[in-house]
Amino acid sequence: MAIKMSVRLTEREHKHLKRQAANAGLKMEPFIRKLIMGADITPRPPDNIVNLIREVNYIGNNINQIAKKVNSENRVNQSQLEEIMRLLGEIYREVKN
């Protein structure tokens, strides 16, 4: 059962709450719920960092697939090494930007 509550805030408090919720990437209601429950709320990372993490994960998955194939065959060929080096270069370029 949900209980509806009303809380009075000053304009300054309201703006602060709204800004904090936005920084966490949340709407005000879920933000307040998390605060009440004592959750550790951290600012949402910038979009470029989120995209970087996604891209590095994708590249890491490709490297992992190559590593599994190498382990199953008990050998590595030049093209596999070149692909790993290319993918590692992609990670380096993504992180450097």
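Provided above is the structure to which this section pertains.
The paragraphs below set out a description of the structure included in this document.

Of regular secondary structure, the chain possesses 4 helices and 0 strands. In terms of overall dimensions, the chain is more spread out than a globule: its C-alpha atoms have a radius of gyration of 23 Å, far above the 13 Å expected for 97 residues. By the burial criterion, 14% of the 97 residues in the chain qualify as buried. Taking as baseline every contact in the chain between residues at least 6 positions apart, the subset at least 24 positions apart corresponds to 30%. Put simply, the chain has 17 plus and 11 minus side-chain charges, and the middle of one group is 8 Å from the middle of the other.

Taken as a whole, the largest pocket encloses approximately 510 Å³ of empty space. Looking at the largest pocket, the residues that line it are Ala2, Ile3, Lys4, Met5, Val7, Leu9, Leu17, Met28, Glu29, Ile32, Arg33 and Ile36. Per element, the largest residue contribution to the lining of the largest pocket is 5 residues, and it comes from helix 2 (residues 28-36). Partitioned by chemical class, the residues of the lining of the largest pocket number 9 nonpolar, no polar and 3 charged.

The rules behind the values
- Starting afresh in each chain, residues are numbered from 1 along the sequence in its written order.
- Only residues with pLDDT of at least 70 are given local features in this predicted model, and only at 80 or more are side-chain atom pairs given and counted; all residues enter the totals for whole chains, interfaces and linings.
- Side-chain measures were taken over the full set of non-hydrogen atoms in the model, leaving aside hydrogen atoms and water.
- Numbering of helices and strands runs from the N terminus; a helix is a DSSP stretch of H or I covering at least four residues, while a strand is a stretch of E covering at least two.
- We compute the radius of gyration over the C-alpha atoms and compare it with the globule rule, which gives 2.2 Å times the number of residues raised to the power 0.38.
- Relative accessibility thresholds used throughout: buried, under 20% of the residue-type maximum; exposed, over 50%; partly exposed, between the two (1.4 Å probe, protein chains only).
- Two residues form a contact once any of their heavy atoms are found within 4.5 Å.
- In this tally Asp and Glu are treated as negative and Lys and Arg as positive; neither His nor the chain ends contributes.
- Just so you know, the charge point we use is NZ for Lys, CZ for Arg, CG for Asp and CD for Glu.
- In this analysis a 1.4 Å probe is tested at points of a 1 Å grid over the protein atoms alone, and where it fits but cannot get out there is a cavity; an open set with protein on both sides within 12 Å along at least five of seven lines is a pocket; lining residues have an atom within 4 Å of a point.
- Grid points are joined across faces, edges and corners, and a volume is the space filled by probe spheres set on the points.
- Classes in brief: Ala, Val, Leu, Ile, Met, Phe, Trp, Tyr, Cys and Pro nonpolar; Asp, Glu, Lys and Arg charged; the others, Gly included, polar.

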